[in-house]
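# A structural walkthrough
One-letter residues, chain by chain:
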Amino acid sequence: MPEWRGDQEGNSSKLYQSFFTLVKFPPTPLYMHPIFPPLARVIPFFIILLNNNLKGFDMKRKNLVMIVMFSFIGFNINGQTAYVANAGSNTVSVINVISNTIITTIPVGNGPDGVSASSDGSKVYITNNNANTVNVINTATNMVTATISVGSYPYGISVSPDDSKVYVANNNDGSVYVINTSTNTVTDTISVGTNPVGVAVSIDGTKVYVANKYDNTVSVINAVTNTVSNTITVGTHPNTISVSPDGSKVYIANDGNNTISVISTLNNSVINTIAVGFYPIGISISPDGSVAYVANYIGNTISVINTTSNAVSATIPIGANPWGLSLTPNGNELYVTHQNDSIVSVINTTTNMIVDTIIVGNDAQAFGNFISSYSSGIPSNNFPSTSII
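Residues numbered from 1 in each chain as written. Predicted model: local features only at pLDDT ≥ 70, side-chain atom pairs only at ≥ 80, totals over all residues. Heavy atoms only, no water.

### Observations concerning the overall build of the protein
Of regular secondary structure, the protein possesses three helices and 29 strands. Classification of the 389 residues of the protein by burial places 54% in the buried group. Counted over contacts in the protein with a minimum sequence separation of 6, partners at least 24 positions apart contribute 43%. In the structure as shown, the protein presents an accessible area of about 15,500 Å², 52% of it carried by carbon and sulfur atoms. (Helix = DSSP H or I, 4+ residues; strand = E, 2+ residues; numbered from the N terminus. Buried < 20%, exposed > 50% of the residue type's maximum accessible area, 1.4 Å probe, protein only. Contact = heavy atoms within 4.5 Å. Areas by Shrake-Rupley, 256 points an atom, 1.4 Å probe, with all protein chains shown as cover.)

Okay, structure coming up:
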């Protein structure tokens, strides 16, 4: 236990050493630390204890210690909310990914499927297949704040890195709609291949990649001119598409021949083809880019790909019909939606084991990045109360 009494310098040093050793700051943010749930319950008492025992401190130093406590806790509890689109319930389940509990359920349009969270965490965009609309969810209130009419059977959706645009793949139209996020209006329509499904924006925001399922191609859109600058032939029936964190590669799941196509963004060519499980439909890449996870819908497995060797390093049995995949910001947990079981499985990416399951709405899909960086339902930049858990 740290010693709080004595001379000012000795206590200051011990206090800081004890506190920062406890939470391992800065390498591990508090919300990612395994001690967070029990610690959150006692934080108010810990603050009172500090206040009553820093008797050897002058007021300036005492205030500094308290400010460090408040700032540290408020800043590091972000990245905690998953938004799962339930196509059969016409709802979105909002999940606290620290406690793996449902925070709330949001009514949306008919047939919600595609999900994309803004980089600042303030908004989540949902495509509604059967309503031909996109819903905009405010993550602070978990309410739909806008409904935008788009093309026929909108599927994949992706927000630009600067959060200024949203790109929507309209499956029946062979088009991509461009939405201005300031006005929530469609500003452009781009013709692509046949039955576009997945869409992803490059790290620098200059290119948009679209998987055209029945053309067996990927359209590369110049995001400045909103025109197709290249068309790349990939595997059979491409659906999901994901860009590596360094922007050098694009990964495409091909459900027609059970492969992943790897495209080099330098020359827009396929540089590798990786065999995975039966009917790959979802794909997510770790924050450091070292691993790609693939949901095999009919194979009922997750393929774990080493992106250096471009080989499957592990196969995780996951249960029936895995569909959407999304990683937590630290990459420690992978969330997997199951379309027909209406559950979300949580995988520990260190052990590749299922550590939790969460019951959500009917026909859980969540096609895209469905984990937001906003801590819905959890206070930030405020003194945490016991309701933080």
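Still to come is the rest of the account.
### Re the sheet that holds strand E16 (residues 238-243)
Spatially, E16-E17-E18-E19 is the arrangement adopted by the four strands of the open sheet, whose pairing is antiparallel. What marks the edges here is a single partner per strand, and that holds for E16 and strand E19 (269-275). Averaged over all neighbouring strand pairs, the angle between strand axes comes to 25°, with direction disregarded. Here strand E17 (residues 249-254) pairs with strand E18 (residues 259-264) via six bridges, running antiparallel. Its bridge partner being in E18, Tyr251 is matched across the sheet by Val262. (Pairing = 2+ DSSP bridges. Axes fitted to C-alpha atoms, helices over the stretch in contact; angles between N-to-C directions.)

### Describing the side chain of Thr328
You can see Thr328 is positioned in the loop between strand E24 (322-327) and strand E25 (333-338). Reaching out from Thr328, the side chain makes a polar contact with the backbone nitrogen of Asn332 at a distance of 3.5 Å. In this structure, Thr328 is in contact with Val97, Pro287, Glu333, Tyr335 and Ile371, ignoring residues within four places of it in sequence. (Polar contact = N/O pair within 3.5 Å; in protein donor to acceptor, adjacent residues only side chain to side chain.)

### What about the nonpolar core?
Counting 24 residues, the largest nonpolar core has Val84, Ile95, Ile137, Tyr335 and Phe370 as its most contacted members. Secondary structure elements with two or more residues in this core: strand E1 (81-86), strand E2 (91-96), strand E4 (112-117), strand E5 (123-128) and strand E26 (343-348). Per-element tally for this core: the top contributor is E1, with four residues. Residues Tyr293, Ala295, Ile316 and Phe367 belong to the second largest nonpolar core, which totals 18 residues. (Core = buried A, V, L, I, M, F, W, Y, C linked by side-chain atoms within 4.5 Å.)

### A few points about the pairing of E5
Across the six residues that make up E5, a large majority, five, are buried. Two elements, E4 and E5, share four bridges in a ladder whose sense is antiparallel. The residue bridging Val115 from the neighbouring strand is Ile126, located in E5. Turn length for the E4-E5 hairpin, with the two strands adjacent in sequence and antiparallel, is five residues, and the turn residue Gly121 shows positive phi of about 80°. One ladder, built from six bridges, connects E5 with strand E6 (residues 133-138); its direction is antiparallel. Considered in E6, the bridge of Tyr125 is made with Val136. What sits between E5 and E6 in their antiparallel hairpin is a turn of four residues, with Asn132 showing a positive phi close to 55°.

### Observations regarding unusual backbone geometry
For Asn352, which is not a glycine, the phi torsion comes out positive at approximately 60°. For Asn352, the position within the fold is in the loop between E26 and strand E27 (353-359).

### Some points on the side chain of Thr349
Mapped onto the elements, Thr349 comes out in the loop between E26 and E27. Looking at Thr349, the relative accessible area reads 16%, which means it is buried. In this structure Thr349 touches Tyr293, Leu327, Gly331, Asn332, Glu333 and Leu334, once residues within four positions along its chain are discounted.

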